[in-house]
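# Reading the structure
If you want the building blocks of each chain, they are given just below.
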Amino acid sequence: MRNQEHSGNAYDVVVVGGGAAGLSAALILGRSRRSVLVVDAGEPRNAPAAHMHGYPSRDGMAPGAFLAEVRREVAAYGVEIVRDRVTAAEPDGSDAFDVTLADGGRVHARRLVVATGLVDELPDLPGVAERWGNDVIHCPYCHGWEVRDQAIGVLYGKASGSHQALLFSQLSDDVALFLNGADESELPDSEWQMLAAAGVSVVSGKLDGLVVTDDALSGVRLADGRVFARSVFVVPPRMTPRNALLTALGARTKETPAGPFVDVDPTGLTSVPGVWAVGNAAGPAEQVVNAASAGYRAGVTLNVELLHADLERAAERRRSGAFSAEGERAVARARGARA
Ligand SMILES: Cc1cc2nc3c(=O)[nH]c(=O)nc-3n(C[C@H](O)[C@H](O)[C@H](O)COP(=O)(O)OP(=O)(O)OC[C@H]3O[C@@H](n4cnc5c(N)ncnc54)[C@H](O)[C@@H]3O)c2cc1C
């Protein structure tokens, strides 16, 4: 059965978001000859970073170059990719969806894959936003090796506590945790002991901002004027999923340590039939490789689900006598081949 023929603006699948998760779903759906439209606003989460790490065979590649390569691969299977933003997705009254784009266009999708990622809300501290993805970082697995043995500052976070400082102590002997005015008693005894065992120093007092010299981080300044020489600063961003389309469709959410994210089954299916959510839209911990894996899994599941839906409909038509002469010949051929 060939599926890659779509009429006008109707697709088997519209993928919202063209990061690793969305493009991976599109790749496997395109290879299954599904008609697929990827709508991508072009703001992947790791865009501020010069290099991507931890993706086997692509370690150290520029994030933009990685996505350009995947787009090329996906397009080769007939998938359409447009630079636009989906502003609404609504049930069409049957089991499909009407999708509205920011440019005013409307398309029809039998199934939706929402891969819109998340937004990192950075701590409101002078210098942090400007240096984000460069020498202000958040993830030891993404950038830790590159900053090994450097003077690393870690910003204490209410939710993350001293966790990041302990992780970065694996990578450098010079790690300082900045409490930024948080009460020392917030840290339980067990955490103080682990910080001491890891050799992490703890700096009390409110922060004033980052010190930048020759376009590189050189220190962390406290409100009392003291400056601690640091070449790397680790912050805990507040991660907010871009899930407005999903919640508008009525998708159930669940609590995570980073706040509410949409609830999905192991294949990425949300509580709304026909709607999958993958990558950072569905979970704060997804790295690029996990996002790609989730997209692949959703694509495979969705393809099987559509195949069964189509075949059941065709079988029903056949039972009701509406099957074409060509269809009857196909069944006879299949029976003959089995005999
Ligand atoms: C600074 C930084 C560095 C990182 N480095 C690494 C690293 O080295 N290795 C690693 O594995 N992970 C890294 N990560 C994490 C990585 O960015 C994510 O794991 C990955 O981007 C998740 O992929 P995704 O497809 O879910 O979302 P994204 O890559 O964020 O893609 C989502 C896409 O959807 C689009 N979109 C959103 N809303 C809409 C809409 N309504 N309509 C159309 N399009 C929409 C966005 O514009 C975006 O293009 C890093 C993160 C940060 C912040």
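Just so it is clear, the model here is predicted, and its values are computed rather than measured.

This paragraph deals with the pairing of strand 4 (residues 86-91). By the bridge criterion, five bridges tie strand 4 to strand 5 (residues 97-101) in an arrangement that is antiparallel. Considered in strand 5, the bridge of Glu 90 is made with Asp 98.

For an interface, size is often stated in terms of accessible area lost upon the parts coming together. With domains assigned, the chain is organised as domain 1 (10-120 + 238-319) and domain 2 (123-234). On a C-alpha basis, the centres of domain 1 and domain 2 stand 35 Å from each other. Counting from both sides, the interface comprises seven residues of domain 1 and, opposite them, eight residues of domain 2. Interface area, domain 1 with domain 2, both sides summed: about 600 Å², of which 52% is carbon and sulfur. A per-residue breakdown of the area domain 1 buries against domain 2 is headed by Pro 48, His 53 and Gln 287, which together make up 61% of the total. Inspection of the region where domain 1 meets domain 2 yields zero salt bridges. Summed over the shared surface of domain 1 and domain 2, the number is one residue pair in polar contact (both at pLDDT 80 or more). When its residues are assigned to classes, the side of domain 1 that touches domain 2 shows three nonpolar, two polar and two charged.

In this section: the site of the ligand. Within the structure, the ligand sits among 37 residues, and Asp 40, Glu 43, His 53, Asn 280 and Glu 286 are positioned closest to it. Here an oxygen atom of the ligand and a backbone polar atom of Glu 43 are 2.7 Å apart. One nitrogen or oxygen atom from the main chain of Arg 45 is found 2.9 Å from an oxygen atom belonging to the ligand. Relative to its free-state accessible area of 990 Å², the ligand is covered by the protein chains to the extent of 98%.

The next subject is a nonpolar patch on the surface. Residues Tyr 296, Val 300 and Val 304 make up a contiguous nonpolar surface patch of about 250 Å² in total accessible area. Along the chain, the position of Val 304 falls in helix 8 (residues 288-319).

To continue, consider the environment of Pro 284. Looking at the secondary structure, you find Pro 284 in the loop between strand 19 (275-277) and helix 8. Counting along the chain gives 36 residues from Pro 284 to Ala 248, while the straight-line C-alpha distance between them is 20 Å.

A few words on the sheet that holds strand 8 (residues 136-137). Strand order in the open sheet formed by five strands is 8-15-9-10-11, and the pairing between neighbours is parallel. Whereas interior strands pair on both sides, the edge strands pair on one side only; in this sheet they are strand 8 and strand 11 (201-203).

What follows deals with the sheet that holds strand 12 (residues 207-213). Across the sheet, which stays open at both edges, the three strands sit in the order 12-13-14 with antiparallel pairing between neighbours. Each edge of the open sheet is held by one strand with a lone partner, namely strand 12 and strand 14 (227-229). Ignoring which end each strand starts from, the neighbouring axes of this sheet average 30 degrees apart. Sheet topology note: the strand 12/strand 13 (residues 216-222) ladder contains six bridges and is antiparallel. Its bridge partner being in strand 13, Val 212 is matched across the sheet by Leu 217.

Within the largest apolar cluster, 28 residues are counted, with the highest numbers of intra-cluster contacts made by Val 13, Val 36 and Val 113. Mapped onto this core, the elements with two or more residues apiece are strand 1 (10-16), helix 1 (20-31), strand 2 (36-40), helix 2 (63-75) and helix 8. Take this core: its biggest share by element is seven residues, from helix 1. For Val 36, the residues in contact, after removing those within four places along its chain, are Tyr 11, Val 13, Val 15, Ala 26, Leu 29, Gly 30, Val 79 and Glu 80. Counting residues in each nonpolar core, the second largest holds 23 residues, with Ala 109, Leu 245, Leu 246 and Ala 277 among its members.

By secondary structure assignment, the location of Arg 58 is in the loop between strand 2 and helix 2. Arg 58 gets classed as partly exposed once you look at its relative accessible area, which sits at 30%. For the pair formed by Arg 58 and Val 300, sequence separation is 242 residues and the distance between their alpha carbons is 23 Å. If we skip the residues at most four places from it in the chain, Arg 58 touches Met 52 and Phe 66. A polar contact of 3.1 Å, which involves the side chain of Arg 58, links it to the side chain of Ser 57.

Packed helices, taken two at a time, are described by their axes: the angle between them and the distance between them. As a packed pair, helix 1 and helix 8 sit with axes 7 Å apart at the nearest point and diverge in direction by 35 degrees. Judged by the twist between their axes, the crossing of helix 1 over helix 8 is right-handed. Contact with helix 1, carried on its side by Ala 20, Ala 21, Ser 24, Ala 25, Ile 28 and Leu 29, involves Val 288, Ala 291, Ala 292, Gly 295, Tyr 296, Gly 299, Val 300, Leu 302 and Asn 303 of helix 8 and no other residues of that element. Across the contact of helix 1 with helix 8, the residue classes break down as 11 nonpolar, four polar and no charged.

What counts and how
Along every chain, residues carry numbers that run from 1 in the direction the sequence is written. Totals for whole chains, interfaces and linings use all residues, but because this is a predicted model, local features are given only for residues with pLDDT of at least 70 and pairs of side-chain atoms are given and counted only at 80 or more. The side-chain quantities take in all heavy atoms of the structure and omit both hydrogens and water. When DSSP finds at least two bridges between two strands, those strands are taken to pair. Only DSSP runs of H or I covering at least 4 residues are called helices, and only runs of E covering at least 2 are called strands; the numbering of each starts at the N terminus. An automatic or database domain assignment provides the domain bounds reported here. Whether two residues touch is decided by their heavy atoms; if any such pair falls within 4.5 Å, the residues are in contact. Values labelled buried area give the accessible surface lost by two parts on being combined, using a 1.4 Å probe and summing over both. One side-chain nitrogen of Lys or Arg within 4 Å of one carboxyl oxygen of Asp or Glu is enough to make a salt bridge. Think of a polar contact as two N or O atoms within 3.5 Å of one another; within protein, one of them needs to be a possible hydrogen donor and the other a possible acceptor, and neighboring residues in sequence only count if both atoms come from side chains. Nonpolar residues are Ala, Val, Leu, Ile, Met, Phe, Trp, Tyr, Cys and Pro. Charged residues are Asp, Glu, Lys and Arg, and all others, Gly as well, are polar. Distances are taken per atom, and a residue is near a molecule or strand as soon as one of its heavy atoms is within 4 Å of it. Using a 1.4 Å probe, accessible areas were evaluated by the Shrake-Rupley method; residue-level cover was limited to the displayed protein chains. Only residues whose relative accessible area exceeds 30% and that form no salt bridge are eligible for patches; like-charged ones are grouped when within 9 Å, while nonpolar side chains (Val, Leu, Ile, Met, Phe, Trp, Tyr) are grouped when within 5 Å. With axes taken as lines fitted to C-alpha atoms, and helix axes fitted only over the stretch in contact, angles between N-to-C directions fall between 0 and 180 degrees. For our purposes a nonpolar core is just a set of buried Ala, Val, Leu, Ile, Met, Phe, Trp, Tyr and Cys residues, chained together by side-chain atoms within 4.5 Å. Buried, partly exposed and exposed residues are distinguished by accessible area as a fraction of the type maximum, computed with a 1.4 Å probe on protein chains only: under 20%, between the cut-offs, and over 50%, respectively. By definition, any crossing whose near helix is turned counterclockwise from its far helix by less than a right angle is left-handed, and any crossing with a clockwise turn is right-handed.

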